[in-house]
Amino acid sequence: MRVSLDTRPGGANPNEDWVAASPTLAVVLDGLSTAGLSTGCQHGVPWYVAQLGGHLIAALADSERALSDGLADAIDCVARMHPQCDLKNPGTPSATVAVLRQRVDSFDHLVLADSPIVFEDGAGYSVITDLRVDEILPELRAETERYETHTPEHKVALQALVTAQRQVRNTPDGYWVAAASSDAAEHAVTGTTALEGGGAVAVMSDGVSRLVTEYQMATWADAFAALRRGGPRELIDNVREVEATDPTGRRWPRYKSGDDATVAFCQW
């Protein structure tokens, strides 16, 4: 499996995405925004995703190990690294997870929250994602969409949404992400896809997939054509060009003008 990578911050703040790959493995993490609220952790989201990613790669060095087991171990390892922080804080640093692993004649996948894995095959495109977060708190989500990004009203509405999301994060009534408890790994979307002939898979953060899913300014066929033509860099450039036409989120309401954007493009 040949893998090409790129990751780029959405603005002036540090990149809270993380990506790494080996000849048989691709991992993309997307740290959850804190919206300026306290996390109870002195390290921060970029530190968390870097530590989680490194431990996840190490945990999956055994190709026979279940992806969810590797994720559970990685979460536990990172939690043990900062016991002095308040890991029971509902806003403790957390991340979405997307993992693709190539086996002899198939791919294993794991998706926790909304960083998708997109398979291209002769029949078209198959998207594996976990959108449980979109099903909760619709009223507060709609409130954030009333205001343009970077306005005081938008900040207040976004903090109210994130505060409410934290109360149901990693609970049966809400949605699941990697944070301080390994229990979340049991709730990941996992499966196996047959490897047939030549093809490609894109593992990405939602800062890239929104070009197709939210902005609707490209199809998956367009996205994969860009990946083949110019790699992940070209696809992320396309996202930024679209966002530059709507910097305040008037046409496409969103949490911030540009989100961190990451792609691992896998071909065989």
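Provided above is the structure to which this section pertains.
Because the structure is predicted, anything quoted here is derived from the model rather than measured.

Here we come to the side chain of D130. Tracing the sequence through the fold places D130 in the loop between β7 (124-128) and α3 (138-144). The class of D130 is buried, set by a relative accessible area of 5%. Here the side chain of D130 touches R132 through a polar contact of 2.7 Å, side chain to side chain.

Now for helix α2 (residues 67-81). With 15 residues, α2 extends 21 Å between its outermost C-alpha atoms, agreeing within 8% with the 21 Å of an ideal straight helix rising 1.5 Å per residue. Taken as a whole, α2 has its buried residues at L67, G70, L71, A72, A74, I75, V78 and A79. Tucked into the core, α2 has its buried residues touching α1 (45-59), β4 (95-102) and β5 (106-112).

Another aspect to go through is the sheet that holds strand β8 (residues 189-194). Strand order in the open sheet formed by five strands is β2-β3-β4-β5-β8, with antiparallel pairing between adjacent strands. Either end of the sheet is taken by a strand with one partner, and the two such strands are β2 (17-22) and β8. Neighbour-to-neighbour, the strand axes of the sheet open up by a mean angle of 10°, direction not taken into account. As paired strands, β4 and β5 are joined by six bridges and run antiparallel to one another. Bridge assignment links V99 to a residue of β5, and that residue is L110. Sheet strands in contact with α2 are β4 and β5, and its direction is about 40° off that of β5.

A word on the packing of α1 against α2. Interhelical geometry of α1 versus α2 gives an angle of 135° and a closest axis separation of 8 Å. By the angle between their axes, α1 is oblique relative to α2. Read as a crossing pair, α1 and α2 show a hand that is right-handed. Contact residues: W47, Y48, Q51, L52, H55, L56 and A59 in α1; G70, L71, A74, I75, C77, V78 and M81 in α2.

Evaluation of the coordinates by the stated rule reveals zero disulfides. Unpaired in terms of disulfides, C41 finds its nearest cysteine sulfur in C85, a separation of 3.8 Å. Classification of C41 by relative accessible area gives buried; the value is 13%. With relative accessibility at 8%, the residue C85 sits in the buried group.

Reported here for the second largest pocket is a volume of approximately 170 Å³. Taken together, L87, K88, N89, P90, T92, R166, R169, N170, A179, A180 and S181 make up the full set of residues lining the second largest pocket. For the lining of the second largest pocket, the per-class residue count stands at four nonpolar, four polar and three charged.

For the structure shown, the criterion picks out 17 salt bridges. Two residues, D246 and R254, come together in a salt bridge whose shortest N-O distance is 3.0 Å. In this structure, a network of salt bridges that share partners links the residues E64, R101, R103 and D108.

Using the criterion set out here, one finds five aromatic pairs in the structure. Consider the rings of Y125 and F224, whose centres lie 5.2 Å apart with planes at 45°: the pair is tilted. Of the two residues, Y125 sits in strand β7 while F224 sits in helix α6 (residues 220-244), which places them 99 residues apart along the sequence. The exposure class assigned to Y125 is partly exposed, which follows from its relative accessible area of 32%. Overall, F224 belongs to the buried group, its relative accessible area being 1%. Centre to centre, the rings of Y215 and W252 are 4.9 Å apart; their planes meet at 40°, and the pair counts as tilted. A residue pair is termed long-range when its members are at least 10 positions apart, and Y215 in the loop between α5 (206-213) and α6 and W252 in the loop between α6 and β10 (261-267) qualify at 37 residues. Residues Y215 and W252 agree in their burial class; the two are buried. An aromatic cluster of at least three residues, connected via ring pairs, comprises F107, F119 and W268.

What follows concerns the sheet that holds strand β9 (residues 200-204). Strand order in the open sheet formed by five strands is β1-β10-β9-β6-β7, with antiparallel pairing between adjacent strands. For this open sheet the edge positions go to β1 (2-8) and β7, each flanked by a neighbour on one side alone. Between one strand axis and the next, the sheet turns through 15° on average, direction left out of account. Two elements, strand β6 (residues 117-121) and β9, share four bridges in a ladder whose sense is antiparallel. Note that in β9 the partner of E120 across the bridge is A200. Across the sheet, α5 lies against β9 and β10, angled at about 80° from β10, the strand it touches most. Contacts between α6 and the sheet are confined to β1, β6, β7, β9 and β10, with β10 contributing the most and set at about 150° to the helix.

Reading guide: rules and limits
- Residues numbered from 1 in each chain as written.
- Predicted model: local features only at pLDDT ≥ 70, side-chain atom pairs only at ≥ 80, totals over all residues.
- Heavy atoms only, no water.
- Helix = DSSP H or I, 4+ residues; strand = E, 2+ residues; numbered from the N terminus.
- Buried < 20%, exposed > 50% of the residue type's maximum accessible area, 1.4 Å probe, protein only.
- Polar contact = N/O pair within 3.5 Å; in protein donor to acceptor, adjacent residues only side chain to side chain.
- Expected span 1.5 Å × (residues − 1).
- Contact = heavy atoms within 4.5 Å.
- Pairing = 2+ DSSP bridges.
- Axes fitted to C-alpha atoms, helices over the stretch in contact; angles between N-to-C directions.
- Parallel < 35°, antiparallel > 145°, perpendicular 65-115°, else oblique.
- Left-handed = near helix turned anticlockwise from the far one by under 90°.
- Disulfide = S-S within 2.5 Å.
- 1 Å grid on protein atoms, 1.4 Å probe; cavity = no way out; pocket = protein on both sides within 12 Å on 5 of 7 lines; lining within 4 Å.
- Points joined across faces, edges and corners; volume = space filled by probe spheres on them.
- Nonpolar A, V, L, I, M, F, W, Y, C, P; charged D, E, K, R; others polar.
- Salt bridge = Lys/Arg side-chain N within 4 Å of Asp/Glu carboxyl O.
- Phe/Tyr/Trp six-rings, centres within 6.5 Å; stacked < 30°, edge-to-face > 60°.

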